[in-house]
Amino acid sequence: MSIDIPDGQEPIPYVWGEMVPGIGPVAAQFSMAVYDHSSLGLREFEAARLRVAQLNGCLFCLDWRTERDGEKVEESFADAVADWRDTIAFDERTRLAAEYAERYTVDHHGLDEAFWRRMTACYSQAEIVELSMAIGSWLAFGRLNHVLGLDAVCTLPKP
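Summary of the structure given here. Since the structure is predicted, the reported quantities are computational estimates derived from the model, not experimental observations.

## Side note on the overall build of the chain
Inference 1: Across its full length, the chain carries 9 helices and 0 strands.
Inference 2: Counted from the first residue to the last, the chain has its helices and strands arranged as α-α-α-α-α-α-α-α-α.
Inference 3: For the chain, the C-alpha radius of gyration of 16 Å lies close to 15 Å, the compact-globule estimate for 159 residues.
Inference 4: Taking as baseline every contact in the chain between residues at least 6 positions apart, the subset at least 24 positions apart corresponds to 65%.
Inference 5: Carbon and sulfur atoms provide 56% of the accessible area of the chain, an area that totals close to 8800 Å².
Inference 6: Both charge centroids of the chain, one from 14 positive and one from 26 negative side chains, sit 6 Å from each other.

## What about the side chain of N145?
Inference 1: Residue position: N145 is located in helix α8 (residues 125-147).
Inference 2: Here N145 falls in the buried class, since its relative accessible area comes to 5%.

## Some details on the packing of helix α6 (residues 92-106) against α8
Inference 1: Axis separation between α6 and α8 bottoms out at 10 Å; the angle between their running directions is 50°. Considered as vectors, α6 and α8 are oriented oblique to each other. For the element pair α6 and α8, the recorded crossing hand is right-handed. Contacts between α6 and α8 pair R93, A97, Y100, A101, Y104 and T105 from the former with E127, I128, L131, S132, I135, G136, L139 and R143 from the latter.
Inference 2: Taken together, the residues of the contact of α6 with α8 break down into 8 nonpolar, 3 polar and 3 charged.

## Side note on the layout of surface pockets
Inference 1: Considered as a void within the structure, the largest pocket measures approximately 400 Å³ in volume.
Inference 2: Lining the largest pocket are 17 residues, and of these S31, M32, Y35, F60 and N145 sit closest to its centre.
Inference 3: Counting only elements with at least two residues in the lining of the largest pocket, the list comes to α1 (11-19), α2 (24-36), α3 (42-56), α4 (59-63) and α8.
Inference 4: Taken together, the residues of the lining of the largest pocket break down into 12 nonpolar, 4 polar and 1 charged.

Rules used in this analysis
For every chain, the first residue of the written sequence is number 1, and numbering continues from 1 along that sequence. Per-residue local features are limited, in this predicted model, to residues with pLDDT of at least 70; the limit for side-chain atom pairs, both in listing and counting, is 80 or more; totals at the level of whole chains, interfaces and linings are taken over all residues. Values reported for side chains reflect all heavy atoms of the structure, with hydrogen atoms and water molecules removed beforehand. Segments assigned H or I by DSSP are reported as helices when at least four residues long, segments assigned E as strands when at least two residues long, and all are numbered from the N terminus. The size measure is the radius of gyration over C-alpha atoms, and the globule rule it meets is 2.2 Å times the number of residues to the 0.38 power. Whether two residues are in contact is decided by their heavy atoms, any of which lying within 4.5 Å being enough. Accessible surface area values rest on a Shrake-Rupley calculation with a 1.4 Å probe, where residue burial reflects the displayed protein chains alone. All tallies of charge rest on Lys and Arg as positive and Asp and Glu as negative; His and the ends of each chain are not included. By convention, the point assigned to a charge is CZ for Arg, NZ for Lys, CD for Glu and CG for Asp. For the exposure calls, accessible area comes from a 1.4 Å probe over protein chains only, and a residue counts as buried if that area is under 20% of its type's maximum, exposed if over 50%, partly exposed in between. Angles shown run from 0 to 180 degrees and are taken between the N-to-C directions of axes, each axis being a line fitted to C-alpha atoms and, for helices, limited to the stretch in contact. Working rule for angles: under 35 degrees goes down as roughly parallel, over 145 as roughly antiparallel, 65 to 115 as roughly perpendicular, anything else as oblique. By convention, the crossing between two helices is left-handed when the near helix turns anticlockwise from the far helix through less than a right angle, and right-handed when the turn is clockwise. Polar here means any residue outside two lists: the nonpolar Ala, Val, Leu, Ile, Met, Phe, Trp, Tyr, Cys and Pro, and the charged Asp, Glu, Lys and Arg; Gly therefore counts as polar. Site definitions follow a grid-based scheme: protein atoms alone, a 1 Å grid, a 1.4 Å probe that fits but cannot get out for cavities, and for pockets an open set with protein on both sides within 12 Å along at least five of seven lines, plus lining residues having an atom within 4 Å of a point. Grid points are joined across faces, edges and corners, and a volume is the space filled by probe spheres set on the points.

In structure tokens:
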């Protein structure tokens, strides 16, 4: 599906900000809060975010790289995320973030006690809640952008 965007309007700001004014701006605030208020390390944050993007297929999300204090993950990071089970580029927290993102996205009913034991050994309960909210945001809004065709018309420019 593709949403009709009036001439001169940017697709994502138009859909998120103007089409449904009672919902879109609040959804955008939640989406941005995940970035603005995260206490998670950049690598674990990006591992989870990119894994959701890979599974959602959102072109905009796949093209995006979170920046903190002028730092971004290395260029090869997305490939390591796709290979999260076997990569040597990740510490345990980063690997778990990618795993959690994948399982949350494709099989949330399969999150068993063994997984939660590993997760709680590395993350505090507050961090798990934060990561869960972030993954939920990326899952919902990345799919929204992809399903409505916004990701195809709003990819980031290459330098």
